[in-house]
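Given next are the chains, with one letter for each unit.
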Amino acid sequence: MGGALYSGWMKAARFSAWTGLIALMLVLGVVVQILAPTAAFLIAWPVLGAALAAAVGGLIDPRLERHVSLWPAVIVTAVLGGWLFALGHWTFLGVGMDLPGVLALIA
């Protein structure tokens, strides 16, 4: 079963997967911008970082087969993940467990 799931994931499809995920997050960012404009930066900045990481990785190796082409994604994930972790920490200290939905938004 695991082999059947893995066989559909070819190395040539990685860039397409990145593009589809970024497009989906862009749509989600627009929806959040309409419904809750003050919280839209929680989605907009990570989407921008992912788009830049995909573009730089695609410039290094268009098929994303070499490990060095994935380093921009690793760096952006570490920076933006740390930023979201810091926001979640201060939100947790400010809100506490009274509103766990706010913490779920950042998670």
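Up top is the structure.
Residue positions are counted from 1 within each chain, in the order its sequence is given. Totals for whole chains, interfaces and linings use every residue, but because this is a predicted model, local features are given only for residues with pLDDT of at least 70 and side-chain atom pairs only at 80 or more, for both listing and counting. Side-chain numbers here rest on the full set of heavy atoms in the structure, without hydrogens or water.

### Quick notes on the layout of surface pockets
The cut-off we apply is this: A 1.4 Å probe that fits but cannot get out identifies a cavity on a 1 Å grid over protein atoms alone, an open set with protein on both sides within 12 Å along at least five of seven lines counts as a pocket, and a residue lines either if it has an atom within 4 Å of a point. Grid points are joined across faces, edges and corners, and a volume is the space filled by probe spheres set on the points. Per the convention used, a helix needs a DSSP run of H or I reaching at least four residues, while a strand needs a run of E reaching at least two, with both numbered from the N terminus.
What the largest pocket holds in volume is close to 310 Å³. As for the largest pocket, its lining consists of 15 residues, of which P46, V47, A50, T77 and L80 are closest to the centre. When contributions to the lining of the largest pocket are tallied by element, the ones reaching two or more residues are α2 (14-35), α3 (41-60) and α4 (71-95). The dominant element in the lining of the largest pocket, judged by the number of residues it contributes, is α4, at six residues.

### Digging into the nonpolar core
Applied cut-off: Buried residues of nine kinds, namely Ala, Val, Leu, Ile, Met, Phe, Trp, Tyr and Cys, make up a nonpolar core once their side-chain atoms join them within 4.5 Å. Only protein chains enter the accessibility calculation, which uses a 1.4 Å probe; a residue is then buried when its area is under 20% of its type maximum, exposed when over 50%, and partly exposed in between.
By size, the foremost hydrophobic cluster in this structure holds six residues: I22, V32, A40, I43, V47 and A54. Listed by contribution, the elements that provide at least two residues to this core are α2 and α3. The dominant element in this core, judged by the number of residues it contributes, is α3, at three residues.

### Here we look at empty space enclosed by the protein
Defined as follows: Residues are grouped as follows: nonpolar covers Ala, Val, Leu, Ile, Met, Phe, Trp, Tyr, Cys and Pro; charged covers Asp, Glu, Lys and Arg; every other residue, Gly included, is treated as polar.
Counted according to the given criterion, the structure contains one cavity of 30 Å³ or more. Quantified by volume, the largest cavity comes out at close to 30 Å³. Counting residues per element, the lining of the largest cavity draws most heavily on α3, at three residues. Among the residues making up the lining of the largest cavity, the classes are represented as six nonpolar, two polar and no charged.

### Observations concerning the packing of α3 against α4
Where we set the bar: Orientation is described by axes fitted as lines to C-alpha atoms, over the contacting stretch for helices, and by angles from 0 to 180 degrees between their N-to-C directions. Each angle receives one of four descriptions, namely roughly parallel if under 35 degrees, roughly antiparallel if over 145, roughly perpendicular if within 65 to 115, and oblique otherwise. Should the near helix be turned counterclockwise from the far one by less than a right angle, the crossing is left-handed, whereas a clockwise turn marks it as right-handed. Contacts between residues were defined by any pair of non-hydrogen atoms, one from each residue, lying within 4.5 Å.
The geometry of α3 relative to α4 is characterised by a closest axis approach of 8 Å and an angle of 170° between their N-to-C directions. Here α3 is positioned roughly antiparallel relative to α4, judged by the angle of their axes. Helix-helix and strand crossings are classified by hand; for α3 and α4 the assignment is right-handed. Here α3 contributes F41, L42, W45, P46, G49, A50, A53, V56, G57 and I60 to the contact with α4, which in turn contributes P72, A73, V76, L80, W83, L84 and L87.

### Regarding the environment of F85
Positionally, F85 belongs in helix α4. Residue classification places F85 among the exposed residues on the basis of a relative accessible area of 64%.

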